[in-house]
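So the chains spell out like this:
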Amino acid sequence: MKLSRRLALCAAALLPLASLAQTYPSKPVRIIVGFPAGTGPDIVARLLAQKLSEGWGNLGVIVDNKPGAAGLIAASEAARAAPDGYTLMLGETGQLSIAPSSYNKLPYDPAKDFVPVSQVVTADFILLVNPQKVPARNVKEYVDWTRQQKGLFMATFGAGTPGHFGAFMFGDAIGIKPEPVHYKSTGDAMSGIFGGDVSGVFASAGLAAPNVKSGKLVALASTGAQRTAALPEVPTFKEQGVANLEFNSWFGIVAPAKTPADVVAKLQADIVRAMHSPDGQKKMEDAGFRVTGTSPQEFASIIAADTVKWGKAVAATGFKAD
């Protein structure tokens, strides 16, 4: 075969991928979310979907909630999707960095089945208490009060979640072993706090803010490196003398492995543009999130580093989800 013909055939073989990147997106894009409507991941996904759709000429970005098994059902489906950029997942800390340590067998491999596109936001946690049940108004008072009780009963939004292992990090920092009380949903956990069944909970800043501003709950501390914009009056643990307690969760877009690199690059650029638009950033901050917007390489590094960090927390508890 002549060289010119071979080159022509090679060019023809590459044309579908090239044209895909140049015309992407040409139809609605689906973002799979592993948690119910109204939760933090859902809020982030819907705000992002709205801004992406606007930037793509209102083409349509569909948020597809697939709750269950702490996000594993959604991640499994997303991992099997066609790698063409039209099925994405809003991944979170638990699915991508905690699950590898807390499950003996995962139905997906976070490192092999996905390609990171961009971290979208981070969310600090707020230690909340019910002022009708707990007299403490800062971390020291809470620790002193806890030592007088029969145990440190902390609500979680499910076994294996950041709030679950965050409770153990807190207990380790103050020298008290916590007793995690796992609830099936965010609403159930908050009911436990309101009813006095548990003494505290680590909730995202977005969930905490309306309950704190209404006076229903009191915020004792933030787990961030700096104060959160949603509750700027709440000091961090570090400010209150607990220097070794710092953790958060994050949400970011991942695509099925083998998604073309130029499609990933366009997605990443459009996500960053959407989130750093004045309107997009304000909406995310009003919902209690800190906008980041990273490169694929930076997001991959974050996932890898947090896999090590949370892996140590999981190992310290001896927890296994299966």
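Not measured: the values here are computed from a predicted model. Along every chain, residues carry numbers that run from 1 in the direction the sequence is written. Restriction of local features to residues with pLDDT of at least 70 applies here, the model being predicted, together with a cutoff of 80 or more for giving and counting side-chain atom pairs; totals for whole chains, interfaces and linings are based on all residues. Calculation of side-chain values draws on the structure's entire complement of heavy atoms; hydrogens and water are dropped beforehand.

### Thoughts on the pairing of strand β1 (residues 29–33)
In step 1: Relative accessibility thresholds used throughout: buried, under 20% of the residue-type maximum; exposed, over 50%; partly exposed, between the two (1.4 Å probe, protein chains only). By definition, any uninterrupted DSSP run of H or I lasting at least four residues is a helix, any uninterrupted run of E lasting at least two residues is a strand, and each is numbered from the N terminus. Where burial is concerned, most of β1 is hidden: four out of the five residues are buried.
In step 2: When DSSP finds two or more bridges between two strands, those strands count as paired. Bridge count for β1 against strand β2 (residues 61–65) is five bridges, and the pairing is parallel. In the strand pairing of β2, V33 is matched with N65.
In step 3: As a crossover connection, the stretch from β1 through helix α2 (residues 40–55) into β2 is right-handed.
In step 4: Relative to strand β3 (residues 87–92), β1 runs parallel, the two sharing three bridges. In the strand pairing of β3, R30 is matched with T87. Clockwise travel from the first strand over the helix to the second, with the strands pointing away from the viewer, marks a crossover as right-handed.

### As for helix α10 (residues 261–275)
In step 1: Here the expected span of a helix is defined as 1.5 Å times the quantity of residues minus one. The end-to-end C-alpha separation of α10 is 21 Å, in line with the 21 Å expected for 15 residues at 1.5 Å each.
In step 2: Taken residue by residue, α10 has V263, V264, L267, Q268, D270, I271, A274 and M275 as its buried positions.

### Some thoughts on the confidence of the model for the protein
In step 1: Averaged over all residues, the pLDDT of the protein equals 91, while 93% of them reach at least 70.
In step 2: Throughout residues 6–15 the model reports pLDDT below 50, and contacts reaching past four residues in sequence, or to other chains, amount to two contacts. Summary of the metric used: pLDDT quantifies the predictor's per-residue confidence within the range 0 to 100. Residues count as neighbours in contact if any of their non-hydrogen atoms are within 4.5 Å of one another.

### Description of the nonpolar core
In step 1: What is meant by a nonpolar core is a set of buried Ala, Val, Leu, Ile, Met, Phe, Trp, Tyr and Cys residues, joined one to another through side-chain atoms within 4.5 Å. In terms of nonpolar packing, the biggest core is built from 32 residues, with V120, I253 and M284 touching the most fellow members.
In step 2: Counting only elements with at least two residues in this core, the list comes to β1, α2, β2, β3, β4 (114–129), β9 (248–256) and α10.
In step 3: If sequence neighbours within four positions are ignored, M284 has contacts with V44, L47, L48, V120, V121, M275, F289 and V291.
In step 4: Of all hydrophobic cores here, the second largest spans 30 residues; its members include L127, V129, I176 and F237.

### Remarks on the packing of helix α4 (residues 93–102) against helix α12 (residues 296–317)
In step 1: The axes used here are C-alpha line fits, helices contributing only the stretch in contact, and every angle between their N-to-C directions lies in the interval 0 to 180 degrees. Interaxial distance between α4 and α12 falls to 8 Å at its minimum, and their mutual angle equals 45°. Comparing the axis directions of α4 and α12 gives the class oblique. For the pair α4 and α12, the crossing hand works out as right-handed. Together, T93, L96, S97, I98, S101 and S102 of α4 and I303, D306, T307, W310, G311 and V314 of α12 make up the contact between the two elements. Each angle is binned into one of four classes, with values under 35 degrees roughly parallel, values over 145 roughly antiparallel, values of 65 to 115 roughly perpendicular, and all other values oblique. In this scheme, a crossing is called left-handed if the near helix is turned counterclockwise away from the far one by less than a right angle; it is called right-handed if the turn is clockwise.

### Overview of the packing of aromatic side chains
In step 1: Each Phe, Tyr or Trp ring (for Trp, its six-membered ring) is paired with any other whose centre lies within 6.5 Å, and the angle between the two planes then decides the class: stacked below 30 degrees, edge-to-face above 60, tilted in between. A full pass over the atoms with the stated rule returns 14 aromatic pairs.
In step 2: Taken together, the aromatic side chains of F125, Y142, W145, F170, F202, F237, F247 and W310 make up a single cluster linked through ring pairs.
In step 3: The rule is short: NZ of Lys or CZ of Arg within 6 Å of the ring centre and within 35 degrees of the ring normal puts a charge over the ring. The ring of Y86 has K27 lying over it, and the distance from NZ or CZ to the ring centre is 4.8 Å.

### Here's the deal with the pattern of salt bridges
In step 1: The working definition used for a salt bridge is a side-chain nitrogen of Lys or Arg within 4 Å of a carboxyl oxygen of Asp or Glu. The full count for this structure, using the stated rule, is 13 salt bridges.
In step 2: Taking the shortest distance from any N to any O, the salt bridge between D286 and K282 comes out at 2.7 Å. Residue D286 and its partner K282 are both found in helix α11 (residues 278–286); the two are separated by four residues, about one turn of the helix.
In step 3: A cluster of three or more residues bridged by salt bridges with shared partners is formed by R30, D64, K66 and E77.

### Describing the pairing of strand β7 (residues 200–204)
In step 1: Buried residues dominate β7, accounting for five of its five residues.
In step 2: Here β7 shows two buried faces, one formed by G200, F202 and S204 and the other by V201 and A203.
In step 3: With four bridges connecting them, β4 and β7 associate as antiparallel partners. In the sheet register, I126 faces β7, and the bridge partner there is A203.
In step 4: In this sheet, β7 lies alongside strand β5 (residues 152–156) in parallel orientation, the contact comprising two bridges.

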